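Structural overview for review
Each chain, written out:
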Amino acid sequence: MPRRNNYKLWTRRRFEQLHSMEGSQTAGFGGFGDPSQSIAIPTSKARRSVDFFAPSQLAPWYAQVAAPANAAINVDGSAVSGWTPISGSGYSVALVALSGLDVHHAAGN
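Let me begin by describing the structure that accompanies this report. (Residues numbered from 1 in each chain as written. Predicted model: local features only at pLDDT ≥ 70, side-chain atom pairs only at ≥ 80, totals over all residues. Heavy atoms only, no water.)

**Comments concerning the sheet that holds strand S8 (residues 91-97)**
With respect to topology, three strands assemble into an open sheet ordered S4-S8-S7, the strand pairing being antiparallel. Since the sheet does not close on itself, it has two edges, and those belong to strand S4 (62-68) and strand S7 (84-86), each with one partner. This sheet shows a mean twist of 30° between the axes of neighbouring strands, independent of strand direction. Of the strand pairs in this sheet, S4 and S8 are connected by seven bridges, and their pairing is antiparallel. Residue pairing across strands places Val65 opposite Ala94, the latter belonging to S8. (Pairing = 2+ DSSP bridges. Helix = DSSP H or I, 4+ residues; strand = E, 2+ residues; numbered from the N terminus. Axes fitted to C-alpha atoms, helices over the stretch in contact; angles between N-to-C directions.)

What follows is the structure, given as structure tokens:
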């Protein structure tokens, strides 16, 4: 999977950041693939653990995990590796291939 530039956004005002994408092989949403939408969570609201759903029939699935540099994070019981620093932020990001399960669990320190 190609990586895009990662960043940390700082602001003094309230705002909401939305990430969206079209499925990789979707033709007018009638093809194979799945559009995606997520809302960025402020670091002050981050959790130490989270359960999330990724339907196995739409595989392959990946989770993008962001955490403070040197954090120990597990997804579905396996340690996350391959961290890439987000320049000047004190955070790192990793792309994790998910198993064939529908429900997943991420946890860390």
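**Some details on the side chain of Ser89**
Looking at the secondary structure, you find Ser89 in the loop between S7 and S8. Here Ser89 falls in the buried class, since its relative accessible area comes to 11%. (Buried < 20%, exposed > 50% of the residue type's maximum accessible area, 1.4 Å probe, protein only.)

**Details of the sheet that holds strand S6 (residues 78-79)**
Here we have four strands laid out as an open sheet, ordered S3-S9-S5-S6, and antiparallel in their pairing. Each end of this open sheet is capped by a strand with a single partner; those strands are strand S3 (49-53) and S6. In this structure, strand S5 (residues 73-75) lies alongside strand S9 (residues 103-108), joined through three bridges in antiparallel fashion. Residue pairing in the sheet places Asn74 in a bridge with Ala107 of S9.

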